[in-house]
Amino acid sequence: MTRYLLYRLLHSLVVVVGVTIIVFLLLHHLPGGPARAILGAKATPVTIAAFNREYGLDNPLPVQYLNYVDQLLHGNLGYSYKLNISVDSLLALDLPKTLFLVGISFLIAVIIAVPIGIAQAIRRNRMLDHGLTGVSFLLYSMPTFWLALLLIDILSARLRIFPPEAPQGTTLGQVITDPLALILPVLTLVLINFALFSRYMRASAIESLAQDYIKVARSKGLPEHKVLWSHVLRNSLLPIVTLLGLSLPWLFTAGLVIEQIFNYPGTGLLFFTSAQSQDYPVELGITIVIAVTTVVGNLLADIAYAVLDPRIRYS
Amino acid sequence: MSMFSRPEAVGVTAVSVAEPAADGGAVQSRKRRRISALGIVGLSIIVVACLFCFVGPLLYHTNQVGSNLAASNLAPGKGHPLGTDDNGFDILGRLMIGGQSSLEIGAAVAVIATTLGVVWGAIAGFAGGIVDGIMMRIVDVILAVPALFLLLILATSVAPSTLELIVVLSFLAWQVPSRLVRGESLTLRTREFVQAVQVMGGGSTRAVIRHIIPNTISTIVVNATFQVADAILILAVLSYLGFGLPPPAATWGGMLSNGSSYIFAGYWWQIYPVGVLIVIVVIAFNFLGDALRDLLDVRLR
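Because the structure is predicted, anything quoted here is derived from the model rather than measured. Along each chain, numbering runs from 1 in the same order as the chain's sequence is written. Both sets of labels track the order of writing: A upward for chains, 1 upward for ligands. pLDDT decides what is reported in this predicted model: residues at 70 or higher carry local features, side-chain atom pairs at 80 or more are listed and counted, and totals for whole chains, interfaces and linings draw on all residues regardless.

A. Looking closely at the overall build of chain B. A count of helical and extended segments in chain B gives 13 helices and zero strands. The way it works is that DSSP assigns letters per residue, a run of H or I at least four long becomes a helix, a run of E at least two long becomes a strand, and they are numbered from the N terminus. For chain B, the sequential pattern of α-helices and β-strands runs α-α-α-α-α-α-α-α-α-α-α-α-α. Three classes are used. A residue is buried when 20 or more other C-beta atoms lie within 10 Å of its own, exposed when 12 or fewer do, and partly exposed in between, with C-beta atoms placed from the backbone. Taking all 301 residues of chain B together, 49% fall into the buried category. Within chain B, counting contacts between residues at least 6 apart in sequence, those at least 24 apart form 74% of the total. Any two residues are considered in contact once their C-beta atoms, placed from the backbone, lie within 7 Å.

Now the structure itself:
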């Protein structure tokens, strides 16, 4: 177990270092480099050279990279010259809002998908199963932004039940005071996640149902609800742990699109507006944070899986 | 998968593989080799979509470059079967032109990303050891950064051309095929026919090109099909966010983005036809991919 943990930890560390190299190179291969990005298109070569000398940008690349990593290790993600505020402060405000949106949608989706996936596995290849498979297939094939537009058109423009714009506010506290406006963005993310999770849950429940210990449990006379509750459910939940780890990049991607469409004031929207205004430090800071979250998420999922399922450790 | 990085991109019905075959192996193998009905449906839709986008404009002439504000936001009717958008462009004609770039870029990305991934994965799996370690960590690193974020950073500085989009999208899509092929080549290199090549003095290049890659062809074909669907999707997202091909190019995502400003005006014809079209084309490629998987899956033979 310790060996496995160490191996996974080292692996994650290597990936994180790789990510910082990618982001560093991106920053330096922008047209004109960081100086041009910060000083703007009208900066003269003289000002750029002065800026580069001032900030150590005329050092060899490896030296600059080490300086960059040093800054990152001190928790300094960069400075937005467009918004005149540090990337850290921007993220401190917006990241909780994104984590809330993505987290609550993930939770609701799992809560719905687990029983439905198991129900489908039990009634495999019957009407109910085919119907639900069709629904999740359709949702799965829908681009996030198209589903969001559909929901806005039907539930907001035509039926006028929910507002089309997410709640506005600088802090998470302000955002959650308007639950009605939260419903559409959350619903969109839930539907998209549900499509994915219920497929996994169905497959995983079908697999557990075919195991010998289920036959044993049934043949010793255990009531069916107990078989489902204590054997099928528990064992089919394992893949969901991995799924959370694996879906992080996908959750952030869907989150970005949804935040843009519903004007939800999280990191996704911040990233989008930064891309529009060419605010590179913010874009790259968010990218680093999301990539590291993804790597750490994968690591935690793997560890949780190894703890929950002893078989993994030995393979 | 890949681009959108839905977990284990292996396509839509990761489910069908996991299911134990109910009716045993050998007997049904003949039946299995025929392409499924859904696969035929998918293939037909793809053919029709290609005809619609590439032959359609030859038969149905519209002006998609010069705007005509006198004819803007017309509801579907005479002269404009699907109405017009806010620039007065005919929606039906624009769907055709916009589809051209989607299909072209989707197909090109699938071919390039798959080729790159196959070569990378085959070499890594065959070489093993430290080479494999380094090559696959590079894959891990690129996969750790969500593709859409990288795409937006790259698109921030320059409005991309078709060629640049193909290159960038391919660069962000080859990791999944490379993982799949590496997995297969890891097992293949221990097989007798590959070892025999080396015993007889054949080089590693020969073993990889003549033996490893041809034996992963079914995985490659299935994955490439899904790659097209993914590329079309991410391309639509990119254009929807305003970072795709710049105007006056027509794109499906751009049309949706444009039409979404008029949702509350009730101009449904500006979002529904294009939205439904994107979904149908993506589903068609997924159908085809699933069918090919069932058809070619080595384990099922």
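B. Examining the interface of chain B and chain A more closely. Facing the 40 residues of chain B at the interface are 46 residues of chain A. Listed by contribution, the elements that provide at least two residues to the side of chain B that touches chain A are α1 (14–18), α5 (129–144), α6 (147–157), α11 (217–240), α12 (252–260) and α13 (272–296) of chain B. In terms of residue class, the side of chain B that touches chain A is built from 29 nonpolar, six polar and five charged. For this classification, Asp, Glu, Lys and Arg are treated as charged, while Ala, Val, Leu, Ile, Met, Phe, Trp, Tyr, Cys and Pro are nonpolar and the rest, including Gly, are polar.

C. A look at the nonpolar core. Core analysis: the largest hydrophobic core is formed by 148 residues, its most contacted members being Ala231 and Val237 of chain B. Counting residues per element, this core draws most heavily on helix α9 (residues 179–209) of chain A, at 16 residues. Each nonpolar core comprises buried Ala, Val, Leu, Ile, Met, Phe, Trp, Tyr and Cys residues, the members being joined through C-beta atoms within 7 Å.

D. Spotlight on the environment of Asp94 of chain A. All names here are of chain A. With respect to the helices, strands and loops of the structure, Asp94 is situated in helix α5 (residues 87–122). The class of Asp94 is buried, set by 23 C-beta atoms lying within 10 Å. Taking the C-alpha atoms as reference points, Asp94 and Leu270, 176 residues apart in sequence, are found 7.8 Å from one another. Sequence-distant contacts of Asp94, defined by excluding residues within four places in its chain, comprise Pro265, Gly266, Thr267 and Leu270.

E. Region of the structure containing the packing of helix α1 (residues 2–28) of chain A against α5 of chain B. Angles shown run from 0 to 180 degrees and are taken between the N-to-C directions of axes, each axis being a line fitted to C-alpha atoms and, for helices, limited to the stretch in contact. Following both chains from N to C, one finds α1 of chain A and α5 of chain B inclined at 65 degrees, their axes separated by 9 Å at the closest point. Pair α1 of chain A / α5 of chain B crosses with right-handed handedness. Contacts between α1 of chain A and α5 of chain B involve Val14, Val15, Gly18, Val19 and Ile22 of chain A from the former and Arg137, Asp140, Val141 and Ala144 of chain B from the latter. Each helix crossing is assigned a hand: it is left-handed if the near helix lies turned anticlockwise from the far helix by less than a right angle, otherwise right-handed if that turn is clockwise.

F. Layout of the confidence of the model for chain A. With 96% of its residues at a pLDDT of 70 or more, chain A has an overall mean of 82. Put simply, helix α14 (residues 310–313) of chain A is where chain A has its lowest mean pLDDT, 64, and helix α12 (residues 267–276) of chain A is where it has its highest, 88. The pLDDT value tells you how sure the predictor is about a given residue, anywhere from 0 up to 100.

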